[in-house]
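Working through the structure, step by step
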Number of protein chains: 4
Amino acid sequence: MLRFNSDYMEGAHQQILDRLGAINLEKMTGYGLDEICESAKKKIRRACNKPDAEIYFLVGGTQANAVVIRSILKLYEGVIAADTGHINGHEAGAIEYGGHKVLSIPNRGGKLCAEAVDKYVRAFYEDRSYTHMVNPGMVYISHPTECGTLYTKEELKQLRAVCDKYNMPLYLDGARLGYGLAAEGTDLTLEDIAGLCDVFYIGGTKVGALFGEAVVFTHHMVEGFYTIMKQSGAMLAKGWLLGVQFDELFTDGLYMKGAENGIKTAMRLKAGLGDKGYSFLFDSPTNQQFVIVGNDKIAELDGKVTFSFWEPYDDAHHVLRFATSWATTDEDVDALLTLM
Amino acid sequence: MLRFNSDYMEGAHQQILDRLGAINLEKMTGYGLDEICESAKKKIRRACNKPDAEIYFLVGGTQANAVVIRSILKLYEGVIAADTGHINGHEAGAIEYGGHKVLSIPNRGGKLCAEAVDKYVRAFYEDRSYTHMVNPGMVYISHPTECGTLYTKEELKQLRAVCDKYNMPLYLDGARLGYGLAAEGTDLTLEDIAGLCDVFYIGGTKVGALFGEAVVFTHHMVEGFYTIMKQSGAMLAKGWLLGVQFDELFTDGLYMKGAENGIKTAMRLKAGLGDKGYSFLFDSPTNQQFVIVGNDKIAELDGKVTFSFWEPYDDAHHVLRFATSWATTDEDVDALLTLM
Amino acid sequence: MLRFNSDYMEGAHQQILDRLGAINLEKMTGYGLDEICESAKKKIRRACNKPDAEIYFLVGGTQANAVVIRSILKLYEGVIAADTGHINGHEAGAIEYGGHKVLSIPNRGGKLCAEAVDKYVRAFYEDRSYTHMVNPGMVYISHPTECGTLYTKEELKQLRAVCDKYNMPLYLDGARLGYGLAAEGTDLTLEDIAGLCDVFYIGGTKVGALFGEAVVFTHHMVEGFYTIMKQSGAMLAKGWLLGVQFDELFTDGLYMKGAENGIKTAMRLKAGLGDKGYSFLFDSPTNQQFVIVGNDKIAELDGKVTFSFWEPYDDAHHVLRFATSWATTDEDVDALLTLM
Amino acid sequence: MLRFNSDYMEGAHQQILDRLGAINLEKMTGYGLDEICESAKKKIRRACNKPDAEIYFLVGGTQANAVVIRSILKLYEGVIAADTGHINGHEAGAIEYGGHKVLSIPNRGGKLCAEAVDKYVRAFYEDRSYTHMVNPGMVYISHPTECGTLYTKEELKQLRAVCDKYNMPLYLDGARLGYGLAAEGTDLTLEDIAGLCDVFYIGGTKVGALFGEAVVFTHHMVEGFYTIMKQSGAMLAKGWLLGVQFDELFTDGLYMKGAENGIKTAMRLKAGLGDKGYSFLFDSPTNQQFVIVGNDKIAELDGKVTFSFWEPYDDAHHVLRFATSWATTDEDVDALLTLM
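This section reports on the structure supplied with the text. (Residues numbered from 1 in each chain as written. Chains lettered and ligands numbered in written order. Predicted model: local features only at pLDDT ≥ 70, side-chain atom pairs only at ≥ 80, totals over all residues. Heavy atoms only, no water.)

**Here we look at the relation of the copies chain B and chain C**
Aligned on chain C, chain B shows an RMSD of 0.0 Å; the corresponding rotation is 180 degrees and the shift along the axis is 0.0 Å. Those values place the two copies in the arrangement expected of a two-fold rotation axis. Of the residues that chain B buries at the interface, 100% are likewise interface residues in chain C, meaning the two copies contact each other through the same surface. (Least-squares fit on C-alpha atoms with pLDDT ≥ 70 in both. Contact = heavy atoms within 4.5 Å.)

**Concerning the interface of chain B and chain A**
In this complex, chain B contributes 19 residues to the contact, which on the side of chain A involves 19 residues. Sorting the residues of chain B by area buried against chain A places His90, Glu96 and Lys101 of chain B first, and these three jointly supply 35% of that buried surface. There are two salt bridges connecting chain B and chain A. With a shortest N-O distance of 2.8 Å, Glu96 of chain B and Lys101 of chain A are connected by a salt bridge. One can count seven residue pairs in polar contact (both at pLDDT 80 or more) joining chain B with chain A. Secondary structure elements with two or more residues in the side of chain B that touches chain A: α4 (86–89) and α5 (94–97) of chain B. Looking at the side of chain B that touches chain A residue by residue, the class counts come to six nonpolar, eight polar and five charged. (Buried area = accessible area lost by both parts, 1.4 Å probe. Salt bridge = Lys/Arg side-chain N within 4 Å of Asp/Glu carboxyl O. Polar contact = N/O pair within 3.5 Å; in protein donor to acceptor, adjacent residues only side chain to side chain. Helix = DSSP H or I, 4+ residues; strand = E, 2+ residues; numbered from the N terminus. Nonpolar A, V, L, I, M, F, W, Y, C, P; charged D, E, K, R; others polar.)

**Digging into the relation of the copies chain B and chain A**
Least-squares fitting of chain B to chain A yields an RMSD of 0.0 Å, with the superposition described by an axial translation of 0.0 Å and a rotation of 180 degrees. A share of 100% of the interface residues of chain B reappears at the interface of chain A, consistent with the copies meeting face to face through the same patch.

**Topic: the interface of chain B and chain C**
Tallying the contact residues gives 45 residues for chain B and 45 residues for chain C. It is Lys27, Tyr97 and Lys238 of chain B that lose the most area in chain B upon contact with chain C, and together they represent 20% of the buried surface on that side. Where chain B touches chain C, the interface holds four salt bridges. Residue Glu10 of chain C is joined to Lys27 of chain B by a salt bridge in which the shortest nitrogen-to-oxygen separation is 2.4 Å. The interface formed by chain B and chain C holds 29 residue pairs in polar contact (both at pLDDT 80 or more) in total. Elements represented by at least two residues in the side of chain B that touches chain C include exactly α1 (14–22), α3 (61–72), α5, α10 (225–231) and α11 (240–249) of chain B. The biggest single contributor to the side of chain B that touches chain C is α1 of chain B, with four residues.

**As for the side chain of Thr149 of chain B**
Residue and element names in this part refer to chain B. Among the structural elements, Thr149 can be located in the loop between β5 (135–142) and α7 (153–166). Relative accessible area serves as the criterion here: at 9%, Thr149 is assigned to the buried category. Here the side chain of Thr149 touches Gly109 through a polar contact of 2.6 Å, landing on its backbone oxygen. Excluding residues that lie within four positions of it along the chain, Thr149 makes contacts with Gly109, Gly110, Lys111, Pro144, Phe282, Asp283 and Pro285. (Buried < 20%, exposed > 50% of the residue type's maximum accessible area, 1.4 Å probe, protein only.)

**Describing the environment of Gly203 of chain D**
Considering the arrangement of structural elements, one finds Gly203 of chain D in strand β7 (residues 199–203). Among all residues touching Gly203 of chain D, those that are not within four sequence positions of it are Gly174, Ala175, Leu177, Gly212, Glu213 and Tyr255 of chain D.

Rendered as structure tokens:
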């Protein structure tokens, strides 16, 4: 059975496993206060060109989103997000559990448009009853988006400008950040992102780690984030397990190497499917491909390859999502192409 | 200055003030455990034809919505509402503060359509990742809606059927319930509502009381609601103040008399404005009228009458909301018509 | 039946009812934005000698405590209180519902001792794992306490000093504040309290109003408190009902007149019981008296007078609480003394 | 430097690392829905003799406690715990973040005494104002306790009886469960615990796993626990990482072998220290030893061995906690004994 249903189906880069094995019986300090975590943070600060960044390692993406967002928002504020944003639909209400509303705005190809945010916030403050409404307190975007699309540097700058205009922090969910940075044609670098966002996370789970997300506050924003992590059940006792993974990922470009493999295999798949005449719901330059497939073909694929159902397209077609990863091989892709 | 900006600008029916005055120095039992509250509950049960209804008196509408909804939903559930629903936009995130997402669906004239709810919930359970999503746990409607419109008995039955299909309680926000029951042409009675909803509240604040909403659980649904009220800061120490008001409102039809006055004056206003050639955003049979008014005229009204800005209509017009109440006089309406 | 079980068994001063009657049909601005609220706030600011105080009117005490405390604390902080503090035992977990722990410290006669707070906080910061613990973020006291006792000016200054030392706001729950200010022998004035606390509330419900508590922030502390009130279901639509009550209470010393009556009748009761040989659990100079009564006598009182059971004293006695109020008469007290 | 400051300073059993390595590039189903998780659950059910147990794998102990407790309690309920209970002091308010109060009762040697729980709950329901108070909704114990002590089977049965009497679920925090089961002289088996508790967790983090706790509901109790996990940020994307660890731990007795090593080395330490004349704060049969050490000696140890400061004992002594683990060697212990 071929498997393309997600980008977190494999373990981790061998270097990570090796390092974990090598230090397995060394006695380490707990709760992320160890030297390996420090080393990893230094490397990330350097990669971001943000020497004063505050970095925390969390276990997963929903957890990172929930803890970061509730640590930033005031009680009466909500977070602006595209309606397709992960926090709006696929985190089981984690943001609301933290007491905050997700203020959703219709997406454009999975993206949040600066103009739409500006319009939303302007209308909010023009509403004479706004003190009875959830205040827009920050902006959430994902990059790549849930639709596989990417912001351009210009788009991110525009979002930054709107955030500045209304004094809202900008938060970027980088669950698949590597695949965004490695995509062909992107003009956004990690340094750009660190320069334009207040806080973002570098996703490890989907880009070569066993698990783990590195939350980067590009400047000091939150008092007591460490204790808030503990309170949220988001502090790993053996914190060095996260440190080791990011320390390896940010050594010799391992993070980007994995990401590049995901992109290379995704582009091979995209080209192959295009050659076969398939159309795509979004023009994704990243590791998720959203392909319009006839229902008969889908029946035929059953039991041979796994994928995600994205949505019905029309009576005769569905959109399927195929995801590659740091571990996908050209052979996998070619086998899939043979089936399609 | 004429004032039509809301329906809670006056105190209460004189009978209520008189009764409060009459018992002022009687020593009463606190927290709603007094005999007047019991009397009021009996009258409401009778009016609803629900002898086993459990009734609680709360102080205000946002409070009632927040406490009822969080008392019913399971942790991982949200409440379905029209996007125009009061809980979705004008309660400052009270539902989210309780930990739950408002699952908003586009309204039709302020109403939630049974078919749209059915489609939403069906799609939810067809989504293979629904265990990662907020489960639809109950349905919220307001009657009259925030747009002044009304459900028909047939529409409410259809919503009930969808709720039954998916095992979701149906909750009706009756902040302006009296004006709905008194509207010309409605075929929905209080008894119908009690028969079709699991829980609803009879709004006092906007329909003749100083304050107060009577929450009616038509059958036993929630353990510990009384303690949840206390925990929510929603238990009035001198609970009899609420009991007195509802006891009076449900004596000799006082509640409906006030509501009928609101409707009579609203219809006078609607007819008068129609005669003058004004158009309306919604065809409202209740006490809120949404009138399309030219910006020049609006400027002219400034300082002479108060109203609510609803929304811009086009470059030259805005929609204004004029509200009547149990206390509005024909003279007020005629004076307004003269200005328009 | 005589009734001494609480201090919120009667309505309100006649002046309040009269004023409510007088303005009943005047059309008022909602949500506390009216001129009467402004007038009441001015009078309170003057009485407190705090021209810049920010004042909000809420409906009840649990509500006030819950909204104030959650508006002040950071996510990872808790509120220090005496174990007998109202928020610790009798508010059904309202503080925890807001996400915060009550850090309880053993009381001394119902009071929180500055030395005990200092010791607690010092030990907290000396604990090497304090970043894994709830941080002490503010101090809650009630005055009079739940035991009827009072802080001296010196005690309050000491608490203030500890709060300053650890940068914690000091919050005073004044549900019965009037009775504290009117007590014989107290050296604490309203101005002192306003000078020493960051925030406190002046209780109306128990001291002559139908309902209502005036929260006084003695300096600017919280962004968006108004919206937080709305979100908490704590904003009264007809906010002027609260304004009217406090405007009357702070006209011609009405608040203190009511309080003085509560004290006068309580002292009459205390003296009378003392003459009859009764002992008291606490030496209370305020309107609550905690009397040790034999079980036989308690059985005898049954059906003749109501009171609160405070706690068992020994096998043969219970502690009963008798409360007077602004509305208690000498005749009531004398009738009770005859029974005892 | 010797290190005895905690029992989570090492990675995991080599078998676990090997298995992770072996399946590293196999494509697995996410979110704990894979076959290895199923296998691990079967083994745990068998070890517990509870064929219908519902088992979930979570990442850490605070997370497990927070998610389990909030999934069980009704809104107006709190959890009874010893004042020394981990949830009461060392989880940064995670339970309160979930909206619930920890109802703490003075411990006896770290344990919660059935008689004390009975007394607490009886007094609660005898209090006439209990509907204004946090209802006791479940009982939390840890085994071994935070003081290293153990419940006997008789004590656990008594707690179960009190829980049955008041219809409260019994929850056991087994962060160090292995060390409790392996302790000399204990009469409580895993099967006993599964028979007497409603829900408990088998701690992996401190007993041989990299991380992970297996929550065992011994019967069906909670709707939607899986979605609540997601909402809480407590669902691991690569859930099989947890499954693998527990599958290995419950193969060939690996879990108990690790635990036995922790006990053996702790007893060696305890005996050695006793021989040297040291006293202990608690008589702990488990892997944590609480030793009373003179301040001069403590100064001498500085830089040679790490430990935890438990609390000051008197002016001249502190209580130090030394913890052994599945990975501690006799050589480590002997080296420590030489220093003492």
